[in-house]
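Coordinate inspection notes
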Amino acid sequence: MAQYILLIYSPTEGGPSPEEMEAEMPRWFEYTQQLQDAGVMRAGEALHPADAATTVRVRDGQRLTSDGPFAETKEVLGGYYVIDVPDLDAALQWAEKIPSVGYGSVEVRPVMVFEDMPSEAAQQGAQA
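What you are looking at is a predicted structure, and each value in this text was computed from that prediction instead of being measured.

1. Some points on the layout of surface pockets
To find the voids left in a structure, one rolls a probe of water-molecule size over its atoms. By volume, the largest pocket is sized at about 900 Å³. Elements with a minimum of two residues in the lining of the largest pocket: strand E1 (2-11), helix H1 (18-38), strand E2 (41-46) and strand E5 (75-85). Take the lining of the largest pocket: its biggest share by element is 7 residues, from H1. For the lining of the largest pocket, the class distribution of residues is 20 nonpolar, 11 polar and 4 charged.

Structure, rendered in structure tokens:
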């Protein structure tokens, strides 16, 4: 099995109204339940709007922060799912079922797994 992240983007203009988004919520709950029932969901969350973001950079050893996303875009990241499926084709099949795919987009990206990374338990033991 391989893990993929499904990054869910929505348009910054011309997308659904708040009322349409609220009416769409049952489809999101159903989709999430389908992922859980299939045993492929590893994580997933919705994100607050982009204007709630803070971007961090470090330049010459100094932390610089700015409100909002780094760049002006036509789409913003609204949430994600991490799924564990056999291959890219299976990930794409799940991506095309995301409720907002008809007006937004879904970026499907493989998750890197570092096999030789120490486990969390081993790291905690080393700190004790």
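Next comes the rest of the account.
2. A few points about the sheet that holds strand E6 (residues 105-110)
The 4 strands lie next to each other as E2-E5-E1-E6, forming an open sheet whose pairing is antiparallel. This sheet does not close on itself; its edge strands, each paired only once, are E2 and E6. Strand-to-strand twist in this sheet, taken as the mean axis angle between neighbours without regard to direction, amounts to 20 degrees. Note: E1 against E6, 6 bridges, orientation antiparallel. Paired with leucine 7 across the two strands is glutamate 107, which belongs to E6.

3. Considerations on a nonpolar patch on the surface
Together, Met112, Phe114 and Met117 give the surface a local cluster of nonpolar side chains, amounting to about 390 Å² of exposed area. Tracing the backbone shows phenylalanine 114 in the loop between E6 and helix H3 (120-127).

4. Side note on the packing of aromatic side chains
Under the criterion given, the structure shown has 2 aromatic pairs. Relative to tryptophan 94, the ring of tyrosine 31 lies with its centre 6.1 Å away and its plane at 70 degrees, an arrangement referred to as edge-to-face. Of this pair, tyrosine 31 sits in helix H1 while tryptophan 94 sits in helix H2 (residues 88-95), placing them 63 residues apart in sequence. Assessed through its relative accessible area of 2%, tyrosine 31 is described here as buried. Joined through ring pairs, the aromatic side chains of Tyr31, Tyr81 and Trp94 make up one cluster. It is lysine 97 that lies over the ring of tryptophan 94; its NZ or CZ is 4.7 Å from the centre.

5. Some points on the pattern of salt bridges
Evaluated as defined, the whole model comprises 3 salt bridges. Among the salt bridges present, the one from aspartate 84 reaches arginine 42, with a minimum N-O distance of 3.5 Å. Placement of aspartate 84 in strand E5 and of arginine 42 in strand E2 is noted, with a sequence separation of 42 residues between them. Of the charged contacts, one joins glutamate 107 and arginine 109 as a salt bridge, the two residues approaching to 2.3 Å between their closest N and O atoms. For arginine 109, a relative accessible area of 44% gives the class partly exposed.

What counts, and at which threshold
Residues numbered from 1 in each chain as written. Predicted model: local features only at pLDDT ≥ 70, side-chain atom pairs only at ≥ 80, totals over all residues. Heavy atoms only, no water. 1 Å grid on protein atoms, 1.4 Å probe; cavity = no way out; pocket = protein on both sides within 12 Å on 5 of 7 lines; lining within 4 Å. Points joined across faces, edges and corners; volume = space filled by probe spheres on them. Helix = DSSP H or I, 4+ residues; strand = E, 2+ residues; numbered from the N terminus. Nonpolar A, V, L, I, M, F, W, Y, C, P; charged D, E, K, R; others polar. Pairing = 2+ DSSP bridges. Axes fitted to C-alpha atoms, helices over the stretch in contact; angles between N-to-C directions. Patch = residues over 30% accessible without salt bridge, like charges linked within 9 Å, V, L, I, M, F, W, Y side chains within 5 Å. Areas by Shrake-Rupley, 256 points an atom, 1.4 Å probe, with all protein chains shown as cover. Salt bridge = Lys/Arg side-chain N within 4 Å of Asp/Glu carboxyl O. Phe/Tyr/Trp six-rings, centres within 6.5 Å; stacked < 30°, edge-to-face > 60°. Buried < 20%, exposed > 50% of the residue type's maximum accessible area, 1.4 Å probe, protein only. Lys NZ or Arg CZ within 6 Å of the ring centre and 35° of its normal.

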